[in-house]
Number of protein chains: 2
Amino acid sequence: MSALTDQALRELMSFAHRLADASGEVIRPYFRSGLEVTDKKDKGEGRYSPVTAADQGAEAAIRKLIKAFHPDHGILGEEHGHENPGARLTWVIDPIDGTKAFITGLPTWGTLIALNDGGRPVLGVMDQPILRERFSGGPDGAFLGTTRLKTRACARLADAALCCTEPDMFAAGPEREAFDRLVRRVSLRRFGTDCYAYGMLAHGFVDLVVEASMAPWDIQALIPIVERAGGVVTDWDGGSCAEGGRVLAAGDAALHSEAMKVLQGR
Amino acid sequence: MSALTDQALRELMSFAHRLADASGEVIRPYFRSGLEVTDKKDKGEGRYSPVTAADQGAEAAIRKLIKAFHPDHGILGEEHGHENPGARLTWVIDPIDGTKAFITGLPTWGTLIALNDGGRPVLGVMDQPILRERFSGGPDGAFLGTTRLKTRACARLADAALCCTEPDMFAAGPEREAFDRLVRRVSLRRFGTDCYAYGMLAHGFVDLVVEASMAPWDIQALIPIVERAGGVVTDWDGGSCAEGGRVLAAGDAALHSEAMKVLQGR
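Colleague: Hey, could you run me through the overall build of chain A in this one?
Modeller: Helix and strand counts for chain A come out as 8 helices and 15 strands. For 266 residues, the compact-globule estimate of 2.2 N^0.38 gives 18 Å, and the C-alpha radius of gyration of chain A, at 17 Å, lies within 12% of that figure. Along the three orthogonal principal directions, the C-alpha set of chain A runs to about 50 × 45 × 35 Å. Burial analysis of chain A (266 residues in total) assigns 61% to the buried set. Excluding contacts between residues fewer than 6 apart, the proportion of contacts in chain A whose partners are at least 24 apart in sequence is 63%. Accessible area of chain A: about 10,200 Å², with a carbon and sulfur share of 49%.

Pasting the structure below:
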C-alpha cells in the first residue's frame, strides 16, 4: 500500500496530466516532420534505438516542470538519467515509447509517465498526443480520456489475443523458446504494439502482452493502468516487473496463470 | 497505359472518395465497440482471419453505390466475391485491411478501394476512418488528404526501414528464408503494419514493405499510391503483384533492385 492518501494521489495525477500536456506540445510538431534522426546503439546489445529531438525535448520539458513544482521528487528517465535518487517519490518517464513507430510515421507510440512511491508505481499515464488519446491509472481507476477501462474475461489461451512489440526482443535460447511456446497457443498475435498494447489490454480488446528487455520507464506507467482496469502485470515468475526485464500482462488472472505456466515450461 | 482520359480518371477518383466516405460511416461505430467477432479460418491455410459485421456492412455499402452509379462496372471483394466479371472497369475493394488490428483496437487498419482497367489498378484509396486519414493515388499524383506524397531516397539496405504485417505470412522454407535474409540487412524493421505501411512508404517514412500471401484486394489500391509517390511495387521477381501473392514495395528504385537480389538469393 502507498503511504499517499487518495487525495494526495489525485493531486499528483492532475500534475501527471499536466506533464503529459507539456510533453505532447513538444513532440507533436516533430511527428512526420522528416527531421533527421540521431541513431544510437544500445550499449552491449546492438539493437537499433533511434533517439529523436522530440524525445529529448519532451523529457527536458517534463523535468523542468517537476523541478519547478516538486523539487523534492526524484526523476528517472532514459535520456537524462536519475536525478534526486534518494527521494521518497520518483517520476519514471519515457516521452516516446515506441521510437521505431514514431520514426516510421505510425501512431502507435506513446508518452509514459509514472509516479513511484519507493515500492511500486502508484499512478501512470500513457498519452498518444497525435491521436489525442490518454490512458491513465490511479486512485479512481483506469481511464481512456473519461471512459472507464475494464479488462475483458478470457480464461483460455486458445481464445486469447496476444500482443508483443517484436519477436526479436526475446534473447535467443530459452527466453525466445518460451515465447514461441506461448504464441503457438493463442488465437491471435499482433506485433509492433509498444505501450499501445497495454492500453488495449486495459480497454478489453487484447488479452495478453508478453515482452522482454524492458527498462523501468518502459513499464512503470502501464502497471497502474492495467491493474486498475482489472488486469495482472508481473514478470514471468509472478513477481514485480517494475524494474523492467520480462513482462507478462493479462486481462484475466486465470489467463495470466495459464500463460505463466507455458512460459515456465510447466 | 490506361485507355481512360485523365478527366475520366478524376471523376472516378471523386467517386472512389465517395465510396470511402460511405464505408467509413458504416465502419466507425463498430471500432472498439466490443462487438462479437465472427471467426473463420482461411480455407486450406489455417490462418486466423476474423470477419466483422463492420467489414461486411461496409462492403455492402460500397457495392450498393457502385451498382447505383456504375452498373456496368465489375466489383471484386473478399466478402461477396466477383460481380460482373466481364466488365472493362473493376472496383477491387477491402473495407478492413488489417482485421487483426481492428479487433485488437489498434488504428493501423484501412479501407482499400482500387479501380482496375483490365490491365492494372489506375487509381487507389487507402482510408483510415478513425484517424480521418486518407491516402490516394491517381491521375494527379499521390496524396495524404491534400498533402502531396513523395517517397524518400534510400539506396542502401543498411539504411532502410522495412515494414511487414507479420513474419508468419511467409511460408516456411525458401520464402521465409528469403525474408529472413533481407530483414537481417536493414537498419530498422517493423511488424504489424498492414496497409498503413504503404502509406508511410509513399509519405517517405518507410523504405521497404515486404509481404506474401496477399489477395488482389490487399494490394491493388496501394499500387497507385506508392507508384504515384515515386516508389516501385512488384512481386519478388519484378513482375506485377496486382493479383496478389508476394509483394516488394520500395520508395527508391535502387533499393528495390538491391532488395530483390537478396530475396532471390543472388
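Now, onward.
Colleague: Hey, could you run me through the sheet that holds strand β6 (residues 133-138) of chain B in this one?
Modeller: Strands belonging to one sheet form pairs held by backbone hydrogen bonds; the direction of such a pair is parallel or antiparallel. Residue and element names in this part refer to chain B. Ordered in space as β2-β1-β3-β4-β5-β6-β7-β8, the 8 strands form an open sheet in which the pairing is mixed. Edge positions in the sheet fall to β2 (81-83) and β8 (147-148), since each of these pairs with one other strand and no more. Helix α1 (residues 6-27) rests against β3 (90-97), β4 (110-116), β5 (121-128) and β6 of the sheet, and its axis sits at about 30° to β5. Along the sheet, helix α2 (residues 53-69) contacts β1 (74-77), β2, β3 and β4; its crossing angle with β3, the most-contacted strand, is approximately 155°.

Colleague: Looking at this structure, I do not really get empty space enclosed by the protein. What am I missing?
Modeller: It is the rolling of a water-molecule-sized probe over the atoms that shows where space remains empty. Counted under the stated rule, the structure contains 2 cavities of 30 Å³ or more. Computed from the structure, the largest cavity encloses a volume of approximately 50 Å³. Along the walls of the largest cavity sit Leu106(A), Thr108(A), Phe191(A), Gly192(A), Thr193(A), Leu106(B), Thr108(B), Arg190(B), Phe191(B), Gly192(B) and Thr193(B), which together make up its complete lining. Tallied by class, residues from the lining of the largest cavity come to 4 nonpolar, 6 polar and 1 charged. By volume, the second largest cavity amounts to about 30 Å³. Along the walls of the second largest cavity sit Arg189(A), Arg190(A), Phe191(A), Lys100(B), Thr165(B) and Glu166(B), which together make up its complete lining. If you tally residues by element for the lining of the second largest cavity, the top one is strand β12 (residues 188-191) of chain A, at 3 residues. When its residues are assigned to classes, the lining of the second largest cavity shows 1 nonpolar, 1 polar and 4 charged.

Colleague: Even after reading the chapter, I still don't get the packing of aromatic side chains, so can you show me in this structure?
Modeller: The description of two aromatic rings rests on the distance between their centres and on the angle between their planes. Tallied over the entire structure, the rule returns 19 aromatic pairs over all chains. Ring geometry for Phe135(A) versus Tyr196(A): centroids 6.1 Å apart, planes at 75°, classification edge-to-face. Separated by 61 residues along the polypeptide, Phe135(A) in strand β8 (residues 133-138) and Tyr196(A) in helix α5 (residues 196-203) bring together distant segments of the chain. You can call Tyr196(A) buried: its relative accessible area is 0%. Ring pairing ties together the aromatic residues Phe170(A), Phe179(A), Phe191(A), Trp236(A), Phe170(B), Phe179(B), Phe191(B) and Trp236(B), which thus form one cluster. The ring of Phe69(A) has Arg18(A) lying over it, and the distance from NZ or CZ to the ring centre is 4.3 Å.

Colleague: How should I be thinking about helix α4 (residues 174-183) of chain B in this particular structure?
Modeller: Side chains that are three or four residues apart share a direction in an α-helix, a result of its 3.6 residues per turn. Residue and element names in this part refer to chain B. Restricting attention to buried positions, one finds in α4 the residues Glu175, Ala178, Phe179, Leu182 and Val183. Angularly, the buried residues of α4 cover 130° about the axis, an arc narrow enough to put them on a single face. Here the buried face of α4 lies against β9 (161-164), β10 (188-191), β11 (208-214), β13 (245-250) and α8 (253-264).

Colleague: Looking at this structure, I do not really get the side chain of Asp97(B). What am I missing?
Modeller: Residues and elements named next belong to chain B. Among the secondary structure elements, Asp97 is positioned in strand β3. Side-chain polar atoms of Asp97 contact the backbone nitrogen of Cys195, separated by 3.0 Å. Discounting chain neighbours no more than four positions away, the residues touching Asp97 are Trp109, Gly110, Leu112, Asp194, Cys195 and Asp218.

Colleague: Would you mind showing me how to read the pattern of salt bridges here?
Modeller: Side chains that differ in sign of charge can pair as their charged atoms come close. Residue and element names in this part refer to chain A. Scanning the model with the defined rule gives 34 salt bridges over all chains in all. Residue Arg156 is joined to Asp159 by a salt bridge in which the shortest nitrogen-to-oxygen separation is 3.0 Å. Here Asp168 and Arg176 are joined by a salt bridge, their closest N and O atoms 3.5 Å apart. Take Asp168: its relative accessible area is 37%, and that puts it in the partly exposed class. Judged by relative accessible area, which is 23%, Arg176 ranks as partly exposed.

Analysis parameters
Residues numbered from 1 in each chain as written. Chains lettered and ligands numbered in written order. Predicted model: local features only at pLDDT ≥ 70, side-chain atom pairs only at ≥ 80, totals over all residues. Heavy atoms only, no water. Helix = DSSP H or I, 4+ residues; strand = E, 2+ residues; numbered from the N terminus. Rg over C-alpha atoms; globule rule 2.2 N^0.38 Å. Buried < 20%, exposed > 50% of the residue type's maximum accessible area, 1.4 Å probe, protein only. Contact = heavy atoms within 4.5 Å. Areas by Shrake-Rupley, 256 points an atom, 1.4 Å probe, with all protein chains shown as cover. Pairing = 2+ DSSP bridges. Axes fitted to C-alpha atoms, helices over the stretch in contact; angles between N-to-C directions. 1 Å grid on protein atoms, 1.4 Å probe; cavity = no way out; pocket = protein on both sides within 12 Å on 5 of 7 lines; lining within 4 Å. Points joined across faces, edges and corners; volume = space filled by probe spheres on them. Nonpolar A, V, L, I, M, F, W, Y, C, P; charged D, E, K, R; others polar. Phe/Tyr/Trp six-rings, centres within 6.5 Å; stacked < 30°, edge-to-face > 60°. Lys NZ or Arg CZ within 6 Å of the ring centre and 35° of its normal. Arc of directions from axis to C-beta. Polar contact = N/O pair within 3.5 Å; in protein donor to acceptor, adjacent residues only side chain to side chain. Salt bridge = Lys/Arg side-chain N within 4 Å of Asp/Glu carboxyl O.

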